[in-house]
Number of protein chains: 2
Amino acid sequence: MKQNNSMKEIGQKLMAAESVVLFPHISTDGDALGSCVALCVALRNAGKQAYILMEEETPEYVGFLDQGYCTQDQDIIAEPDICMCVDCSETKRFPGRREAFFKGRTTICIDHHVTSEPFADYNYIDGGAAATCELVYKLLTVMEAPVTKEIAEALYTGISTDTGNFQYSNTTKETHLIAAELLDAGIDHNKLTVLLYQNTKLERLRITCRVLDTMELFADGKAAIACVTQKMLEEEGTSMEDAEGSIDLLRNIMGVEIAAILKERAPGVIKVSMRAKTTANVAEIAAGFGGGGHIKAAGCTFETDMQTAWDQIKTAIEESLRN
Amino acid sequence: MKQNNSMKEIGQKLMAAESVVLFPHISTDGDALGSCVALCVALRNAGKQAYILMEEETPEYVGFLDQGYCTQDQDIIAEPDICMCVDCSETKRFPGRREAFFKGRTTICIDHHVTSEPFADYNYIDGGAAATCELVYKLLTVMEAPVTKEIAEALYTGISTDTGNFQYSNTTKETHLIAAELLDAGIDHNKLTVLLYQNTKLERLRITCRVLDTMELFADGKAAIACVTQKMLEEEGTSMEDAEGSIDLLRNIMGVEIAAILKERAPGVIKVSMRAKTTANVAEIAAGFGGGGHIKAAGCTFETDMQTAWDQIKTAIEESLRN
């Protein structure tokens, strides 16, 4: 694998540039957009032309970060000195902007997802970082760019959302040290808490309750299964996205080791998502049905009716827990 | 108000003692018990006799902290050199152990709740600390007591639970710096996450859904109200404690500024809990019905039927939001 460049090299390139276009990944999130906003503000504060190029609307829950930085105009800067993709391990993470990306005189990639094949001129990939925002914080330090309140809030957003607010096991000593510095930079912690964690869509709450109503505990309470159908989504006037979080609630039940949710994508197409709490391996169960994933989060798809899929996945989970 | 003693004075007293009894508050929680366990382990590691004196059973969710430190035997040490209460701003926080506490040759109080009248021989009260565990961490540093994995896990538990896992506005730079040190001490972060946040009682989940089923949004979606009755608790085989968390879900709905839950304590006795998200003042609303609390969390009690209480509190919230 191509070696990483140093933060210093990347920082020097950015400081020498006059125009920079930043590329967060599609279905952008707090970490990708937070990283881009922090860089965009720092570059503008240093007198450079900088924009964040999107290919979709900004998701509502991180919309507050965009104070005039995002654009969908691929010609916003005709010949940018630098195109920098952020939190994108592969070019398919910005499929509609590939051509625009490679128009940059220099291309840079910064990410915490380990990639097999670095594709930019300069790359900095660190799989040990909990969030790309941690890497951007370090980059700004190397660039000696002042971390203003706005930059700190953008970086805090990425770190908080990518670590489940310091709860996931990707959280490290470094994560907390950076969070300490960001709090010190004067972020409005209460505002961010409200925006990120006290801003649930009503439809999301309602569909979650509907999903929990279908729940069955089995395997002596070690497993929980539930489902969501298109009819349920219609009745609550919402989409599958709002039902996604329900699986965490199932896994979080005392004594439950494996949680599964069956999602009716279309008539006769059932997508199963599974989570393991501590020692179980749901990737193995998913693989048995042609699916895949990680040990603690995996999925597979059935082309059958809900009841058949429900019964089959239940049996497989029971078997897995017996071993 | 009596001045605080220094951490150094308190540390020296503890290191000079041969026997120490620790007193967490009643209805103990992660912070009080975590602080006591950290101190107990450190004192035992320093060759001293140390116990945690309880007057109730340890709550299940923090039970994992007690590896043979807790006792309800008030004579466990006949004449302790030191009795130290932890996270107790007033002696009424250990009502059944007052006599035992004042049997200590020296008494110490360490807390992050500001108290009007320090009652121990040595006191260290810091209202700016997010958790008493932060203060205990500093005390152990002053005592040069090694922070073992077990001590770090106890302290992390207290800091995490008292800050809503770094989400509440009491979280400071210092909180994150200490968390960084505790992660560095080798805590099993994943184990603690499971124990503290992925361990929901099934009954709690079920009663939460029942409460949400009663929810009504009003005042143009700026307020949410719901109720829990004795009948609902009976049907789900649970107690009011399991319904307490529901109010956070109401407040967390997008656009909701005030959330209220009406809890039927007994026939004709309705306790109302209210939360404000950003700028509303629920203490004022509660005061209008003879209740009280803080700006963002307050309550009052009605001696009437559920429907009457519901209508009255709704009207009061509507009025408050109009101002």
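Residues numbered from 1 in each chain as written. Chains lettered and ligands numbered in written order. Predicted model: local features only at pLDDT ≥ 70, side-chain atom pairs only at ≥ 80, totals over all residues.

Colleague: Describe the relation of the copies chain A and chain B, naming the residues involved and giving the relevant values.
Modeller: Put simply, the second copy of the chain is the first one after a rotation about an axis and a shift along it. The transformation that overlays chain A on chain B combines an axial shift of 0.0 Å with a rotation of 180°, and the residual RMSD is 0.1 Å. The two molecules are tied by a two-fold rotation axis, judged by turn and shift. The C-alpha atom lying nearest the rotation axis in chain A is that of His-176 of chain A; the distance is 2.5 Å. Mapped onto chain B, 100% of the interface residues of chain A again fall at the interface, so both copies present the same surface. (Least-squares fit on C-alpha atoms with pLDDT ≥ 70 in both. Contact = placed C-beta atoms within 7 Å.)

Colleague: Describe in detail the sheet that holds strand S2 (residues 49-53) of chain B, supporting the description with residues and values.
Modeller: The strands that make up a sheet pair up through hydrogen bonds in the backbone, lying either parallel or antiparallel. All names here are of chain B. Pairing is parallel in the open sheet, where six strands are placed in the order S3-S2-S1-S4-S5-S6. One side of each edge strand has no neighbouring strand; the edge strands of this open sheet are strand S3 (70-71) and strand S6 (122-125). Two elements, S2 and S3, share two bridges in a ladder whose sense is parallel. Residue pairing across strands places Ile-52 opposite Cys-70, the latter belonging to S3. Of the strands in this sheet, strand S1 (19-24), strand S4 (82-86), strand S5 (106-111) and S6 are in contact with helix H1 (residues 7-16), which crosses S6 at around 130°. (Pairing = 2+ DSSP bridges. Helix = DSSP H or I, 4+ residues; strand = E, 2+ residues; numbered from the N terminus. Axes fitted to C-alpha atoms, helices over the stretch in contact; angles between N-to-C directions.)

Colleague: Mind laying out unusual backbone geometry, listing which residues take part and the relevant values?
Modeller: The backbone of Glu-144 of chain A sits at a positive phi, close to 55°, despite the residue not being glycine. Inspection of the secondary structure puts Glu-144 of chain A in the loop between helix H4 (132-142) and helix H5 (149-162). Using a count of 9 C-beta atoms within 10 Å as the deciding quantity, one classes Glu-144 of chain A as exposed. Unusually for a residue other than glycine, Phe-166 of chain B sits at a positive phi of about 70°. Checked against the element boundaries, Phe-166 of chain B lands in the loop between helix H5 (149-162) and helix H6 (173-184). By C-beta crowding, Phe-166 of chain B is classed as buried, having 24 other C-beta atoms within 10 Å. (Buried ≥ 20, exposed ≤ 12 C-beta atoms within 10 Å, placed from the backbone.)

Colleague: Now, about the interface of chain A and chain B: what can you tell me, with residues and values included?
Modeller: Residue-level contacts link 34 residues of chain A with 34 residues of chain B. Secondary structure elements with two or more residues in the side of chain A that touches chain B: helix H6 (173-184), helix H7 (189-197), helix H8 (202-213) and helix H10 (246-251) of chain A. In terms of residue count, the dominant contributor to the side of chain A that touches chain B is H6 of chain A (seven residues). Split by residue class, the side of chain A that touches chain B holds 14 nonpolar, 14 polar and six charged. (Nonpolar A, V, L, I, M, F, W, Y, C, P; charged D, E, K, R; others polar.)

Colleague: Could you give me a rundown of the environment of Ala-287 of chain A, with the residues and numbers involved?
Modeller: Residue and element names in this part refer to chain A. With respect to the secondary-structure elements, Ala-287 resides in helix H11 (residues 282-287). Take Ala-287: there are 14 C-beta atoms within 10 Å of it, and that puts it in the partly exposed class. A sequence separation of 239 residues divides Ala-287 from Lys-48, and the C-alpha atoms of the two residues are 49 Å apart.

Colleague: How would you sum up the sheet that holds strand S3 (residues 70-71) of chain A? Please name residues and give values.
Modeller: All names here are of chain A. Strands sit in the order S3-S2-S1-S4-S5-S6 across an open sheet of six strands; the sheet is parallel. Edge strands, defined here as strands with exactly one partner in the open sheet, are S3 and strand S6 (122-125). In this structure, strand S1 (residues 19-24) lies alongside strand S2 (residues 49-53), joined through four bridges in parallel fashion. Within the sheet, the bridge partner assigned to Val-20 lies in S2 and is Ala-50. Running over the sheet, helix H1 (residues 7-16) touches S1, strand S4 (82-86), strand S5 (106-111) and S6 and is turned about 130° from S6.

Colleague: Give me the lowdown on the packing of helix H2 (residues 30-45) of chain A against H5 of chain A, citing residues and values where you can.
Modeller: Pairs of packed helices are described in terms of their axes, by the angle between the two and the distance that separates them. All names here are of chain A. It is the contact of H2 with H5, at a shortest axis distance of 8 Å, that shows an interaxial angle of 165°. When the axes of H2 and H5 are compared, the pair comes out roughly antiparallel. Helix-helix and strand crossings are classified by hand; for H2 and H5 the assignment is left-handed. Contact residues: Gly-30, Asp-31, Gly-34, Ser-35, Val-37, Ala-38, Val-41 and Ala-42 in H2; Glu-150, Ile-151, Ala-154, Leu-155, Thr-157, Gly-158, Thr-161 and Asp-162 in H5. Considering only residue class, the contact of H2 with H5 consists of seven nonpolar, six polar and three charged. (Parallel < 35°, antiparallel > 145°, perpendicular 65-115°, else oblique. Left-handed = near helix turned anticlockwise from the far one by under 90°.)

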